Amino acid sequence: MSIVDSSALNASVLVLNRHYMAVHVVNVRRAFGLLINCLAEVIHIEDGSYTNYDFQSWREISELKKNFKEQSPHDDWIRSVNFEVCVPRVLRLLYYDRLPKQKVRLNRRNIFARDANLCQYCGKRFATSELSLDHVVPTCRGGETTWENLVCACVRCNVRKGGRTPQEAGMKLIKKPIRPKRSPMLTIKLGNPKYASWKSFLDQAYWSVDLK
Ligand SMILES: [Zn+2]
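Cut-off values and rules
- In this numbering scheme, every chain counts its residues from 1 along its sequence in written order.
- For this predicted model, a pLDDT threshold of at least 70 governs which residues receive local features, and a threshold of 80 or more governs which side-chain atom pairs are given and counted, while totals over whole chains, interfaces and linings are taken from all residues.
- Here, strands pair whenever DSSP counts at least two bridges between them.
- The helix and strand labels rest on DSSP assignments: H or I over at least four residues marks a helix, E over at least two residues marks a strand, and numbering proceeds from the N terminus.
- Every angle, taken between N-to-C directions, lies between 0 and 180 degrees, and every axis is a line fitted to C-alpha atoms, over only the stretch in contact when it is a helix.
- Any two residues are considered in contact once their C-beta atoms, placed from the backbone, lie within 7 Å.
- Summary of the metric used: pLDDT quantifies the predictor's per-residue confidence within the range 0 to 100.
- Domain segmentation is taken from an automatic or database assignment of domains.
- By definition, a nonpolar core groups buried Ala, Val, Leu, Ile, Met, Phe, Trp, Tyr and Cys residues that are joined through C-beta atoms within 7 Å.
- Counting other C-beta atoms within 10 Å of its own, a residue is labelled buried from 20 upward, exposed at 12 or fewer, and partly exposed in the gap between, with every C-beta atom placed from the backbone.

Draft legend 1. Broad picture of the sheet that holds strand β4 (residues 40–46). Here we have five strands laid out as an open sheet, ordered β3-β2-β8-β4-β5, and mixed in their pairing. Two strands bound the open sheet, and with one partner strand each, they are β3 (22–27) and β5 (49–53). For this sheet, the mean angle separating the axes of adjacent strands, direction not counted, is 35°. With three bridges joining them, β4 and strand β8 (residues 90–93) adopt antiparallel strand pairing. Counted as the bridge partner of Val42 is Leu91 from β8. Against the sheet, helix α1 (residues 28–36) engages β2 (12–16), β3, β4 and β8, with an angle of about 110° to β3.

Draft legend 2. Examining the confidence of the model for the protein chain more closely. Of the residues in the protein chain, 91% reach a pLDDT of 70 or more, and the chain-wide mean stands at 87. Per-element mean pLDDT across the protein chain ranges from 43 in helix α8 (residues 205–208) up to 97 in strand β10 (residues 150–154). Across residues 205–212, where pLDDT falls below 50, the model places ten contacts with residues more than four positions away in sequence or in other chains.

Draft legend 3. Expanded view of the domain arrangement of the protein chain. Per the domain assignment, the segments making up the protein chain are domain 1 (3–99 + 184–208) and domain 2 (108–169). A straight line from the C-alpha centre of domain 1 to that of domain 2 covers 36 Å.

Draft legend 4. Summary view of the nonpolar core. Of all hydrophobic cores here, the largest spans 24 residues; its most connected members are Val13, Leu14, Leu16, Leu35, Val90 and Leu91. At the level of secondary structure, the elements contributing two or more residues to this core comprise β2, β3, α1, β4, β7 (84–86) and β8. Look past the residues within four positions of Val13 in its chain and what remains in contact with it is Val25, Val26, Val28, Ala31, Pro88, Arg89, Val90 and Leu91. Among the nonpolar cores identified, the runner-up in size contains eleven residues, and Ile111, Cys119, Leu150 and Cys152 belong to it.

Draft legend 5. Structural detail: the pairing of β5. Note: β4 against β5, five bridges, orientation antiparallel. Bridge pairing in β5 places Val42 opposite Tyr53. Taken together, β4 and the strand that follows it, β5, pair antiparallel across an intervening segment of two residues, in which Asp47 is found at a positive phi of about 50°.

Draft legend 6. Structural detail: the environment of Pro177. Mapped onto the elements of the fold, Pro177 is located in the loop between α5 (166–169) and α6 (184–190). For Pro177, a count of 19 C-beta atoms within 10 Å gives the class partly exposed. Placed 26 residues apart in sequence, Pro177 and Val151 show a C-alpha to C-alpha distance of 6.7 Å. Beyond its immediate chain neighbours, meaning those up to four positions away, Pro177 contacts Val136, Trp147, Glu148, Leu150 and Val151.

As structure tokens, then:
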């Protein structure tokens with residue numbers, strides 16, 4: 001399938017293992033690759049019940065949706081040379097039964113997402129390019145590179161703080177930095193009605209266990 005053009009390509013698809021446990025998130029291209037190669041099926045959730053579709057039947061369902069004008073405003077559509085298909089929100093891998101990676105990666109992107117791009121000192125929101133990472137207790141004072149010691153800070157606050165602890169600089173964090181229980185990027189996506197169907201898989205007790 002060659003995709004002609006579509007803004008829907010930016011959408012994300014939740015991937016479950018064979019046992020319906022969320023394992024990761026992929027982009028639309030990768031999702032259709034899995035479907036077309038029969039490595040995954042679509043899990044469609046409607047009125048609280050799941051239906052499983054292979055690629056062929058998902059195409060047919062998409063066509064029906066289109067013909068009967070049952071599209072939801074939150075649907076994304078991919079246009080190919082000779083057909084249009086609705087972007088599934090959840091896929092299930094047919095042959096993969098490993099468990100999800102539980103560790104949320106400690107990186108810049110995830111810290112900015114956890115802090116919602118708010119400078120943790122002045123509380124103002126900035127573009128990612130205007131934010132930096134700040135070690136709350138500076139590394140030269142034994143501060144570690146951990147979720148609990150890293151926050152995002154605007155350039156102004158970072159300069160003002162310098163190599164000091166917040167206490168020494170007379171600055172206060174707007175909240176205590178913690179290790180997030182699940183990927184902050186996922187938390188942001190869950191706020192989007194497009195991805196409402198992900199909730200039933202991510203709210204399982206499994207995901208609320210404390211991550212080490
Ligand atoms: Zn600031």
